[in-house]
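Take a look at the letters that make up each chain.
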Amino acid sequence: MESRIEKRIELKAPVSRVWRALTDYREFGEWFRVQLDGPFIPGQVSRGQITHPGYEHVKWEAFVEKMEPERLFSFTWPHPKSLGKDDCPQDYSQEPTTLVEFRLEKTANGTLLVLTESGFDHLPADRRLEAFRRNDGGWTEQMKNIETYVEQTP
Amino acid sequence: MSSKPRSRIAARRQPRSPVFAALGDETRLALVAKLCAGQRRSISQLTKGSNLTRQAITKHLRILQSVGIVRCVRTGRESRFEFNPQPMEGIREYLDLVSQQWDVALSRLRSFVED
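Parameters at a glance
Residues numbered from 1 in each chain as written. Chains lettered and ligands numbered in written order. Predicted model: local features only at pLDDT ≥ 70, side-chain atom pairs only at ≥ 80, totals over all residues. Core = buried A, V, L, I, M, F, W, Y, C linked by C-beta atoms within 7 Å. Buried ≥ 20, exposed ≤ 12 C-beta atoms within 10 Å, placed from the backbone. Helix = DSSP H or I, 4+ residues; strand = E, 2+ residues; numbered from the N terminus. Contact = placed C-beta atoms within 7 Å. Expected span 1.5 Å × (residues − 1). Arc of directions from axis to C-beta. Pairing = 2+ DSSP bridges. Axes fitted to C-alpha atoms, helices over the stretch in contact; angles between N-to-C directions. Parallel < 35°, antiparallel > 145°, perpendicular 65-115°, else oblique. Nonpolar A, V, L, I, M, F, W, Y, C, P; charged D, E, K, R; others polar.

Participant: Just checking my understanding: could you explain the nonpolar core for this structure?
Facilitator: Within soluble globular proteins, side chains that are nonpolar tend to cluster in buried spots. With 20 residues, the main nonpolar core has Val18, Ala21 and Leu22 of chain A together with Val113 of chain B as its most contacted residues. Only helix H1 (15-23), helix H2 (25-32), strand E2 (34-36), strand E4 (59-68), strand E5 (72-78) and strand E6 (97-106) of chain A together with helix H6 (86-114) of chain B provide two or more residues apiece to this core. Tallying contributions element by element places H1 of chain A first for this core, with four residues. Residues in contact with valine 113 of chain B, not counting those within four places in the same chain, are Leu11, Ala13, Arg17, Val18 and Ala21 of chain A.

Dropping the structure here:
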């Protein structure tokens, strides 16, 4: 079963430009919508406050893993049970984390950005986020995944 | 800025209720696929057609039970097993949600670097 997210997008900008947008803490804050306290430093915790409308009460916290210039930027971050105004935890130290990786590659027209987020298999099974439950479509899709898996690995 | 010992972060990565880990095994996936049909099955029925012993199947069922994907229902003297999709629905929906959030964030990144 797939327990990771992968996004590939091609950006019409040089690798150096994309790298700066990802790793300069002010620039990252602009598009990600977070006010960061200071620069990203590998091996250190980055802290700040989300600025996304409706989520201003949510703290940002991430542990910076790797910064390989113009190639790889990665961090782990927590997935708290709730982001609600009343029940969003103030202390993330007990929350399970996932690994986020941004990889950059030069292309003819600019930069290929590959984002992966992995480690969802470490999240508690009860991570339901009731507030976000919308439809029953998820299970149908999951069934197909299981069928495919079983067929392909007899 | 303050630093945090890596060990603490590493400790946080320990699986807690690993639904995905439970399914990361072909025998257990095959068991789930059988139970997905909707009917409750006994251990004998689930053992039939596999190359495994009753004990081995029981062990795999226990793992699936421990993460809530499979439930054991007693009818008389016999235990029957049924499928419970809820733990997986939760994670699938959560993944979809996080995935959508990335789509939105990356489209903002695109405008940010291309303008």
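Participant: Help me out: how do you make sense of helix H5 (residues 54-66) of chain B in this one?
Facilitator: For an α-helix the count is 3.6 residues per turn, leaving residues at separations of three or four pointing the same way. All names here are of chain B. Helix length check: H5 (13 residues) gives 18 Å between terminal C-alpha atoms against 18 Å at 1.5 Å per residue, within 8%. Within the sequence span of H5, burial applies to Ile57, His60, Leu61 and Leu64. The arc that holds the buried residues of H5, viewed along the axis, is 100°, so those residues lie on one side. Structural note: H5 exposes Gln55 and Arg62 on the side pointing more than 90 degrees away from its buried face. Remark: glycine 68 follows H5 within two positions and exhibits a positive phi of approximately 85°.

Participant: Help me understand the sheet that holds strand E3 (residues 78-83) of chain B in this model?
Facilitator: Two pairing modes exist for strands in a sheet, parallel and antiparallel, and in both the strands are linked by backbone hydrogen bonds. Residues and elements named next belong to chain B. If you trace the three strands from one edge of the open sheet to the other, you get E1-E3-E2, paired in antiparallel fashion. Both outer strands of the open sheet, strand E1 (41-42) and strand E2 (70-75), are each paired with one neighbouring strand and no more. Where E2 and E3 come together, six bridges link them in antiparallel fashion. Across the sheet, residue arginine 74 finds its bridge partner in E3, namely serine 79. The strands that helix H3 (residues 26-36) touches are E1, E2 and E3; relative to E3, the one it contacts most, it runs at about 90°. Seen against the sheet, H5 touches E2 and E3 and runs at an angle of roughly 110° to E2.

Participant: Mind showing me how you'd approach the packing of H1 of chain A against H2 of chain A here?
Facilitator: When two helices pack together, their arrangement is given by the angle between the helix axes and the distance between those axes. Residues and elements named next belong to chain A. With their axes 5 Å apart at the nearest point, H1 and H2 run at an angle of 80° to one another. Put simply, H1 runs roughly perpendicular to H2. Along the contact surface, H1 presents Arg20, Ala21, Leu22 and Thr23, while H2 presents Glu27, Phe28 and Trp31. For the contact of H1 with H2, the residue count by class is four nonpolar, one polar and two charged.

Participant: Is there a simple way to explain the environment of leucine 35 of chain B in this structure?
Facilitator: Residues and elements named next belong to chain B. Mapped onto the elements of the fold, leucine 35 is located in helix H3. Using a count of 22 C-beta atoms within 10 Å as the deciding quantity, one classes leucine 35 as buried. The spatial distance from the C-alpha of leucine 35 to the C-alpha of phenylalanine 83 is 5.4 Å, given a sequence separation of 48 residues. Aside from chain neighbours lying at most four places away, what touches leucine 35 is Arg41, Val70, Phe81, Glu82 and Phe83.

Participant: Is there a simple way to explain the sheet that holds strand E1 (residues 5-11) of chain A in this structure?
Facilitator: Residue and element names in this part refer to chain A. Pairing is antiparallel across the open sheet formed by seven strands, whose spatial order is E1-E7-E6-E5-E4-E3-E2. Looking at which strands have only one partner, the edges of the open sheet turn out to be E1 and E2. Between one strand and the next, the sheet's axes are offset by a mean angle of 25°, whatever the strand orientation. As defined by bridge partners, E1 adjoins strand E7 (residues 111-118) across seven bridges and the pair is classed as antiparallel. Each bridged residue has a counterpart across the sheet, and for isoleucine 9 the counterpart in E7 is leucine 113.

Keep in mind these numbers describe shape, not what the thing actually does.
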